[in-house]
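# Per-entry structural report
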Amino acid sequence: MAGELISGKAISKAIRGEVKEEVAKIVASGKRAPVLAVVLAGKDPASEIYVNNKKKACHKTGITSIEHILDEKISEKELITLIDKLNNDPDIDGILVQLPLPGKLHEHVVLEKISPTKDVDGFHPVNVGRLVANTPGLRPCTPAGIVEMLKRTGIELSGKKVIILGRSNIVGKPVATMLLHESCTVTICHSRTRGLKEICRRGDIIVAAIGKPKFVTKDMVKDGAVVIDVGINRTDNGLCGDADFENVKDVASYITPVPGGVGPMTIAMLMVNTLTAYKSATT
Ligand code: GUN
């Protein structure tokens, strides 16, 4: 089976268009536009690119973005003081602290300081709890983007066997929870999983989020399976995903490219979350 591409680029453009339309209506009614504060500590080159892409997406959708670029030596106390200030500022709707944090900063300590109502990444324990309980809350952007791209492609989820590679807090665990809520049967695999190939071959849908270039090979994928590639690996030959795209595409029914797949969806869902945070603060 020759796999059809799921274009995250096209789907994310449509979503950003919907956000843009709503933001334009808000502004036309005389209210201020939604505002996202992006905090980047240190000089991680990949993070700088991500933050720049987030800024561009805000600009295109009419969302105001305010950047806080901090020295890599910033103390936890100083960073928390900034977050408190943003929490208490009624003109800030969303707060995003780009990960990874440099040096000795503790991610969980910092993320817990962000007000759950402004937590557009959905990483605060309150939002994690709401996700698990399946009650309204801000959902992590990459997992939300994956579910959205599957739905908008018309892929039926109920009853499907999903194999997730990776158990991170950012992708693996939340996407497993979201797909469970879509009535999928979910298996999470990780570095200690035994018989990985056989498990993967059972999957109707495979979500690869392990950060290993071309890890998912053709022999791990059932004929007609859907492959969602979350990996963004920088190699000597340029960017590549966690799936061996050139070969896997021949057996998959649908496959996401890297770049242009999940990446743009993450940013589109960040715009959606910022608008949601704005609406819940102002209505
Ligand atoms: N680093 C890698 N992915 C993400 C993300 O989705 N949000 C934040 N804040 N940092 C990241």
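About the criteria used
In every chain, residue numbers begin from 1 and rise along the written sequence. A pLDDT threshold of at least 70 governs which residues receive local features in this predicted model, and a stricter bar of 80 or more applies before side-chain atom pairs are shown or counted, although totals over entire chains, interfaces and linings include all residues. Hydrogens and waters are ignored; side-chain quantities use all the structure's heavy atoms. Helix and strand labels come from DSSP, where a helix needs a run of H or I of at least four residues and a strand needs a run of E of at least two; each type is numbered from the N terminus. Note that the radius of gyration is over C-alpha atoms, with the globule rule given as 2.2 Å times the number of residues to the power 0.38. For every residue, the accessible area obtained with a 1.4 Å probe (protein chains only) is divided by the maximum for its type, and the residue is called buried under 20%, exposed over 50%, and partly exposed between those limits. Note on contacts: a residue pair is in contact if any heavy atoms of the two residues lie within 4.5 Å. Here the accessible surface of atoms and residues is derived via Shrake-Rupley with a 1.4 Å probe, and residues count as covered only by protein chains that are part of the display. The positive count covers Lys and Arg only, the negative count covers Asp and Glu only, and His and the chain ends enter neither. The location of each charge is read from NZ of Lys, CZ of Arg, CG of Asp or CD of Glu. Criterion used throughout: strands pair if DSSP finds at least two bridges between them. Just to be clear on terms, a salt bridge is a Lys or Arg side-chain nitrogen sitting within 4 Å of an Asp or Glu carboxyl oxygen. To get an axis, fit a line to the C-alpha atoms, keeping to the stretch in contact for a helix; angles then go from 0 to 180 degrees between the N-to-C directions. In this scheme, roughly parallel covers angles under 35 degrees and roughly antiparallel covers those over 145, while 65 to 115 is roughly perpendicular and the rest are oblique. Just so you know the grouping, Ala, Val, Leu, Ile, Met, Phe, Trp, Tyr, Cys and Pro go in nonpolar, Asp, Glu, Lys and Arg go in charged, and all remaining residues, Gly too, go in polar. Expected span of a helix: the number of residues minus one, times 1.5 Å. For this quantity, the arc is that covered by the directions from the helix axis to the C-beta atoms. Throughout, the term near means that a residue has one or more heavy atoms lying within 4 Å of the molecule or strand in question. Counting of polar contacts relies on pairs of N or O atoms within 3.5 Å, with two restrictions inside protein: one atom must be capable of donating a hydrogen and the other of accepting it, and residues adjacent in sequence are counted only when both atoms are side-chain atoms. The nonpolar core is taken to be a set of buried Ala, Val, Leu, Ile, Met, Phe, Trp, Tyr and Cys residues, with the residues joined through side-chain atoms within 4.5 Å.

The next point concerns the overall build of the chain. Looking only at helices and strands, the chain features 10 helices and 11 strands. Taking 19 Å as the expected radius of gyration for a compact globule of 283 residues, we find that the chain reaches 19 Å, a close match to that expectation. Projected onto its principal axes, the C-alpha positions of the chain cover 50 × 45 × 40 Å. The buried share of the chain, reckoned over its 283 residues, is 48%. Of the contacts made within the chain by residues no fewer than 6 positions apart, 70% connect residues no fewer than 24 positions apart. Total accessible area on the chain stands at roughly 13,600 Å², and carbon and sulfur atoms take up 53% of it. Both charge centroids of the chain, one from 38 positive and one from 32 negative side chains, sit 1 Å from each other.

With seven of its seven residues buried, strand β2 (residues 35–41) lies for the most part within the structure. Every second residue of β2 is oriented toward a common face, with V35, A37, V39 and A41 on one face and L36, V38 and L40 on the other, all of them buried. In this sheet, strand β3 (residues 64–70) lies alongside β2 in parallel orientation, the contact comprising seven bridges. Each bridged residue has a counterpart across the sheet, and for A37 the counterpart in β3 is I66. As judged from the four bridges shared by β2 and strand β4 (residues 94–97), these two strands associate in the parallel manner. From the neighbouring strand, V38 faces β4, where its bridge partner is L96.

Going through the model one piece at a time under the given rule, you end up with 11 salt bridges. Members of the salt-bridge network, linked through shared partners, are E18, E148 and R152.

Relative orientation of the contacting elements helix α1 (residues 8–28) and helix α6 (residues 141–152) amounts to 100°, with a least axis distance of 11 Å. Considering the angle they form, α1 stands roughly perpendicular to α6. Contact residues: α1 offers G8, I11, A14, I15 and E18, while α6 offers E148, M149 and R152. Residues belonging to the contact of α1 with α6 are distributed by class as follows: four nonpolar, one polar and three charged.

This part is about α1. In this model, α1 (21 residues) spans 30 Å end to end at C-alpha, consistent with the 30 Å of a helix rising 1.5 Å per residue. Where α1 is concerned, the buried positions are G8, I11, S12, I15, R16, V19, V23 and I26. The buried side chains of α1 occupy one side of the element, clustering within an arc of 130° when seen end-on. Exposed residues lying more than 90 degrees from the buried face of α1 are K13, E21, K25 and A28. Packing partners of the buried residues in α1 comprise α2 (45–61), α6 and α10 (262–282).

This part covers α6. In a regular helix each residue adds 1.5 Å, so 12 residues correspond to 16 Å; α6 covers 16 Å between its end C-alpha atoms and thus fits that length. α6 sits mainly inside the fold: nine of its 12 residues count as buried. All of the buried residues in α6 are C141, T142, P143, A144, G145, I146, V147, M149 and L150. As for α6, its buried residues are in contact with α1, α7 (172–181), β7 (205–208), β8 (226–229) and α10. Following α6 by one or two positions, G154 has its phi on the positive side, about 85°.

Neighbouring the ligand are L96, V97, Q98, L99, D121 and F123. A distance of 2.9 Å separates a nitrogen atom of the ligand from a polar atom in the backbone of V97. Separating a nitrogen atom of the ligand from a backbone N or O atom of L99 is a distance of 2.9 Å. Burial of the ligand by the protein amounts to 83% of the accessible area it has alone, namely 280 Å². Its residues assigned to classes, the shell around the ligand comprises four nonpolar, one polar and one charged.

Moving on: the environment of L5. Position of L5 among the secondary structure elements: in strand β1 (residues 4–5). Each C-alpha atom of the pair L5 and H68 lies 36 Å from the other, and the pair is 63 residues apart in sequence. Dropping the residues within four chain positions of it, L5 is found in contact with F245, I255 and P257.

Side chains of nonpolar character tend, in soluble globular proteins, to be buried together. Within the largest apolar cluster, 49 residues are counted, with the highest numbers of intra-cluster contacts made by I146, L179, V207 and I228. Ranked by residues supplied to this core, first place goes to α10 with 10 residues. Apart from the residues lying within four places of it in its own chain, the contact partners of V207 are I146, V162, I163, I164, L165, V175, L179, I228 and V230. In terms of nonpolar packing, the next biggest core, distinct from the first, is built from 20 residues, A37, I83, I92 and I95 among them.

The values are spatial; any link to function lies outside them.
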